[in-house]
Amino acid sequence: MSYGRADVAIGVIDVGSPKGGKLGWAILAPNADPVLGKDLDVFIDAMTALGSNWPLAVGFEAPLFIPAPAEALKILSGRKGEGSRPWSAGAGATVTTAALAVVTYTLAGLRRGLSRAVASTDFNSLPVRPGDTFFFEAFVTAAAKGDDHADDAFIAAWQVKTLLEGGRAYRSAIDEPEVFSLLGASLLRTGWSTDLAVLSAPCLVVKPGFDHYS
């Protein structure tokens, strides 16, 4: 992998209800000021337009995969790196369910405008062609959280920008080798992929405040 990439347009969505005003997003494009907003369709249009000139990195602040352990007693437990809280309870279950709809809607919208683009969830193989898109998860929590949903998305986008431009190897904040990927299901559903292997592929989880370099 080549580190130190500064030519990628980055967009992050903090997943929530568009109707309830609980969704926010941020875009960091090369040679441009940050743009923040709440309208999901505006985000899709903006990232599609940026895909004409730049490779893309698109992230969602919500769980994009769940663990698929071999032991029944562990199937609803928290993902490795999230502490003791189960992914299946409380806010985790709510945002995971919302992500199924928000991620699929977003990927479908991007696909309409980027019909020939290639998707990747492997941060060892970042896109180089305009429109090709690297998808990842953002995890903004506790002291790292901002003032609102768009601010949380901006914090995550800035963390991704730091990693991509850092010139150093980095690792995911969540270490789950065996997963069922909700992102992978959305990639298949929206035509971004035809490879069933995406259903079992974990993606990069970017967590502000986490030491991604250790």
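Small disclaimer: the values here were computed from a predicted structure and weren't measured.

Calculation rules
Residues numbered from 1 in each chain as written. Predicted model: local features only at pLDDT ≥ 70, side-chain atom pairs only at ≥ 80, totals over all residues. Heavy atoms only, no water. Buried < 20%, exposed > 50% of the residue type's maximum accessible area, 1.4 Å probe, protein only. Helix = DSSP H or I, 4+ residues; strand = E, 2+ residues; numbered from the N terminus. Pairing = 2+ DSSP bridges. Salt bridge = Lys/Arg side-chain N within 4 Å of Asp/Glu carboxyl O. Axes fitted to C-alpha atoms, helices over the stretch in contact; angles between N-to-C directions. Left-handed = near helix turned anticlockwise from the far one by under 90°. Contact = heavy atoms within 4.5 Å. Nonpolar A, V, L, I, M, F, W, Y, C, P; charged D, E, K, R; others polar. Phe/Tyr/Trp six-rings, centres within 6.5 Å; stacked < 30°, edge-to-face > 60°. Lys NZ or Arg CZ within 6 Å of the ring centre and 35° of its normal. Core = buried A, V, L, I, M, F, W, Y, C linked by side-chain atoms within 4.5 Å.

### A word on the pairing of strand E4 (residues 56-61)
Stage number 1. Most of E4 is tucked away, with six of its six residues classed as buried.
Stage number 2. A two-sided burial pattern is seen for E4, the buried positions comprising Leu-56, Val-58 and Phe-60 on one face and Ala-57, Gly-59 and Glu-61 on the other.
Stage number 3. Of the strand pairs in this sheet, strand E1 (residues 9-14) and E4 are connected by six bridges, and their pairing is parallel. Within E4, the position partnered with Asp-14 by the bridge is Glu-61.
Stage number 4. As paired elements, E4 and strand E7 (residues 133-138) share six bridges and run parallel to each other. Across the sheet, the residue bridging to Phe-60 is Glu-137, located in E7.

### Thoughts on the pattern of salt bridges
Stage number 1. Under the defined criterion, the tally for this structure stands at six salt bridges.
Stage number 2. Note that Glu-137 and Arg-79 form a salt bridge whose closest N and O atoms lie 2.6 Å from each other. One end of the pair, Glu-137, is in strand E7; the other, Arg-79, is in the loop between strand E5 (65-67) and helix H2 (90-113), with 58 residues separating them in the sequence. Both residues of the pair, Glu-137 and Arg-79, belong to the buried class.
Stage number 3. We note a salt bridge from Arg-129 to Asp-132, for which the minimum N-O separation is 2.9 Å.
Stage number 4. The network of salt bridges with common partners includes Arg-79, Glu-82 and Glu-137.

### Thoughts on unusual backbone geometry
Stage number 1. We note that Asn-31 has phi near 60 degrees; this positive angle belongs to a residue other than glycine.
Stage number 2. For Asn-31, the location among the structural elements is in the loop between strand E2 (24-28) and strand E3 (35-37).
Stage number 3. Given the relative accessible area of 77%, Asn-31 is considered exposed.
Stage number 4. Phi angles above zero are rare outside glycine, and Ala-142 is one such case at about 55 degrees.
Stage number 5. With respect to the helices and strands, the residue Ala-142 is situated in the loop between E7 and helix H3 (149-165).
Stage number 6. Judged by relative accessible area, which is 60%, Ala-142 ranks as exposed.

### What about the packing of helix H1 (residues 40-50) against H2?
Stage number 1. Running from N to C, H1 and H2 cross one another at 40 degrees; their axes reach a closest spacing of 9 Å. Helix-helix and strand crossings are classified by hand; for H1 and H2 the assignment is right-handed. Listed contacts from H2 to Leu-40, Asp-41, Phe-43, Ile-44, Met-47 and Thr-48 of H1 are Val-102, Tyr-105, Thr-106, Gly-109, Leu-110 and Gly-113.
Stage number 2. Partitioned by chemical class, the residues of the contact of H1 with H2 number seven nonpolar, four polar and one charged.

### Describing the packing of aromatic side chains
Given two aromatic rings, one states the distance between the centres and the angle between the planes to describe the pair.
Stage number 1. In this structure the tally under the stated criterion is five aromatic pairs.
Stage number 2. Residue placement shows Arg-79 over the ring face of Phe-65; its charged tip is 4.7 Å from the ring centre.
Stage number 3. For Arg-111, the ring lying beneath its charged end belongs to Trp-192, and the centroid distance is 4.6 Å.

### A word on the nonpolar core
Stage number 1. Within the largest apolar cluster, 35 residues are counted, with the highest numbers of intra-cluster contacts made by Ile-13, Phe-60 and Phe-135.
Stage number 2. Those elements that provide at least two residues to this core are E1, E2, H1, E4, H2 and helix H4 (182-189).
Stage number 3. If we skip the residues at most four places from it in the chain, Phe-60 touches Ile-13, Val-15, Val-103, Thr-106, Leu-107, Phe-135, Phe-136, Glu-137 and Ala-138.
Stage number 4. By size, the runner-up hydrophobic cluster in this structure holds 22 residues, among which are Ala-26, Ala-57, Leu-126 and Val-206.

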